[in-house]
Amino acid sequence: MKFFCSAILIVLSISTSLSQSEGEFSHLSFDSINDTIQKYSYTDVDRTITAANAYILKSQRENDLINEWVGLNAIAVSYYHNRMFKESSEQSEKNMHFAQKHNLREQEMESLAYLLDLQLVVSDVSTQLEYYEDLLQLAETYKSDFYKQVAYNKIASVLDVSGDTRKAINIRKKSLDFFENKTVDSTFTQKSINSKIVMISFYLSNSYLELGKVDSAKLYVDKIKQFSEKDLDTCYMAFSYAAEAEIAYTEKRFKEAKKLYHKYFDVCPTEYDLIKINYAYLIGKIELAEGNYHLSSEILQKGLDDYNVTSVEEGFMKDYYEKLAEAYKQTGNFERASFYFEKYLTSKEKQTELKDSAKKSLLENEREAFRNEVNSLITEKENKQSYLNYLMLSASLVILILLFVLLRFYKNKKANEFKFEQLLAKIEAAKQSDEIIDTKDEDLEEKNSNDVPEDIKQQILDGLKKLEKQEYFLKQECSSYNVAKKIGTNTSYLSKVINSHYGKNFNTYINDLRINYAILRLKNDVIFRSYSIQSIAEEVGYKSADSFTKYFKKDTGLNPSFYIKEIKNIA
């Protein structure tokens with residue numbers, strides 16, 4: 001249900017002015033038209049768009065570009081409220097281009113931030129991260145501390161979804177430190193600063209719960225509880241109750257959790273269907289945990305029936321379907337349990353099938369720009385034939401250079417593809433992972449271990465196998481000293497046994513284990529493939545992407561990025 005949490009965050013944290021026939025609104029003020037937009041934004045998209053168009057027309061007549069963008073953004077927001085995600089994404093893209101064209105810096109960043117949230121349902125994680133990097137670059141270019149923090153926290157949310165919770169925590173801690181030391185200025189009121197502290201603390205608490213560190217989660221709940229409702233912007237008190245409720249649920253204090261969830265939703269009561277189904281999920285999972293299986297299935301089923309999940313949302317319903325399947329199973333309704341368990345499995349699969357459909361407007365703009373360029377060249381050809389000949393000669397030279405580069409690229413690509421096929425063959429042929437890459441060192445410190453007692457030698461080999469099963473080699477602390485200490489021997493004996501038994505030194509032994517692990521996990525784990533090279537490197541025990549890339553290429557002949565790309569193609 002992470003999608004629903006993200007959606008609620010959008011509702012709470014995105015502040016937009018939302019904007020009947022044009023004649024109906026022509027005599028009204030911006031505020032009055034805006035009231036109509038807010039009234040119908042969740043329930044009547046056509047009426048909202050009509051009002052928003054009137055808002056836009058009024059802005060154009062008054063030459064008010066900022067309010068014109070506000071009207072355009074109201075359309076995107078209404079599409080989102082009515083779960084027309086593709087349309088909302090396309091409109092947000094138009095809004096961003098409008099802001100860029102008229103040099104509306106804050107509106108450009110706001111459009112991009114809103115567009116990024118939508119990629120969760122219209123695209124994929126890698127595209128979302130690319131957009132977040134764009135937002136961060138814009139924020140740095142325009143020297144906007146606010147949108148820089150927006151970008152950091154959105155990147156953290158994506159890392160949470162991707163499973164890199166620890167990195168998300170580090171990012172949020174830095175952002176929290178920024179707001180705790182922020183002073184009031186034209187951008188930040190004291191309430192807005194407090195609200196950001198509360199929101200970030202809530203997500204830090206959730207992240208620590210994800211890692212099973214309840215005490216750490218409680219520290220951030222205590223940080224939230226230092227604020228009262230009057231200290232915060234509207235609705236932000238909900239984060240306090242939600243954080244306490246999650247901890248109570250984790251500690252199996254279900255009655256207390258239920259009361260806190262009710263308070264969470266009572267802070268800002270709404271008929272918004274996205275929030276209502278989230279409410280059904282939270283209360284339903286508590287009833288399930290308490291053993292009230294019939295009540296749980298009724299609550300969850302009604303929430304689902306009232307919501308009417310769209311096809312693009314199916315990939316985010318995994319937890320909901322899993323709880324509903326379990327509730328029905330416990331009531332003895334095995335037919336319904338099987339039905340929702342299958343939907344649960346389908347939902348897991350759909351998480352990897354979401355495609356990017358947010359580029360349509362951009363492609364149309366590029367097509368138009370290309371037509372204009374061609375027309376310009378035709379005119380230039382008619383007026384300046386000699387100059388065009390010179391250009392054509394230059395272009396020919398460029399093409400020749402490009403052909404040379406492309407031929408070289410193609411040759412390298414074919415070589416890499418051959419290496420990739422060889423690596424796949426190794427993977428298929430290997431009976432166990434350590435047979436894929438098995439490097440032998442010619443220059444060994446100790447080529448035999450005759451002076452190591454047989455019982456010690458066996459103890460070391462058994463200890464190494466045990467540590468391999470525990471995947472200790474993935475830790476950056478994995479050194480010959482620490483391995484020897486864990487096995488209960490010394491580094492000299494350890495080195496001799498590894499040299500003699502494996503035909504390699506200690507560092508080669510560890511690198512082979514790490515690279516074999518990376519090869520298999522990248523092949524089999526879709527989420528792992530979406531990580532950055534730096535994150536993958538850290539995950540398998542290296543401190544830097546450069547070190548990981550060096551050893552991966554040394555052992556396979558391929559760059560990790562090429563291997564990942566080819567694995568995606570065959571997947």
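Nothing here was measured: the structure is a model prediction, and the numbers come from that model. The residue count restarts for each chain, going from 1 along the sequence in the order it is written. With the structure being a predicted model, the display of local features is reserved for residues of pLDDT at least 70 and the display and counting of side-chain atom pairs for 80 or more, all residues being used for whole-chain, interface and lining totals. As a rule here, side-chain values come from all non-hydrogen atoms in the structure, and water together with hydrogens is ignored.

### A look at empty space enclosed by the protein
Threshold: Here a cavity is any set of points on a 1 Å grid over the protein atoms alone where a 1.4 Å probe fits but cannot get out, and a pocket is any open set with protein on both sides within 12 Å along at least 5 of 7 lines; a residue lines the site when it has an atom within 4 Å of a point. Grid points are joined across faces, edges and corners, and a volume is the space filled by probe spheres set on the points. A helix here means a DSSP run of H or I that spans at least four residues, while a strand means a run of E at least two residues long, and both kinds are numbered starting from the N terminus.
Considered as a void within the structure, the largest cavity measures approximately 70 Å³ in volume. Around the largest cavity sit Leu464, Leu467, Glu468, Tyr472, Phe473, Cys478, Val483, Phe506, Tyr509, Ile510 and Leu513, which together line it. Those elements giving two or more residues to the lining of the largest cavity turn out to be helix H21 (454-469) and helix H24 (506-524). Ranked by residue count, the leading element in the lining of the largest cavity is H24, at four residues.

### What about the pattern of salt bridges?
The cut-off we apply is this: For this document, the term salt bridge refers to a Lys or Arg side-chain nitrogen within 4 Å of an Asp or Glu carboxyl oxygen.
Within the structure shown, the criterion is met by 28 salt bridges. Glu251 is paired through a salt bridge with Lys218; the nearest N and O atoms lie 2.7 Å apart. Of the two residues, Glu251 sits in the loop between helix H13 (237-250) and helix H14 (254-266) while Lys218 sits in helix H12 (residues 214-224), which places them 33 residues apart along the sequence. Between Glu539 and Arg521 there is a salt bridge, with the nearest N and O atoms lying 3.2 Å from each other. With a gap of 18 residues between them, Glu539 in helix H26 (residues 533-539) and Arg521 in helix H24 connect regions that are remote in the sequence. In this structure, a network of salt bridges that share partners links the residues Lys218, Glu251, Arg253 and Glu256.

### Observations regarding the layout of surface pockets
Applied cut-off: Ten residue types, Ala, Val, Leu, Ile, Met, Phe, Trp, Tyr, Cys and Pro, are classed as nonpolar, four, Asp, Glu, Lys and Arg, as charged, and the remainder, Gly among them, as polar.
Its volume calculated, the second largest pocket comes out at about 400 Å³. Around the second largest pocket, the lining residues are Gly163, Asp164, Thr165, Arg166, Lys167, Asn170, Leu211, Gln476, Tyr531, Ser535, Glu538 and Glu539. Broken down by secondary-structure element, the contributors of at least two residues to the lining of the second largest pocket are helix H10 (165-180) and H26. Its residues assigned to classes, the lining of the second largest pocket comprises two nonpolar, five polar and five charged.

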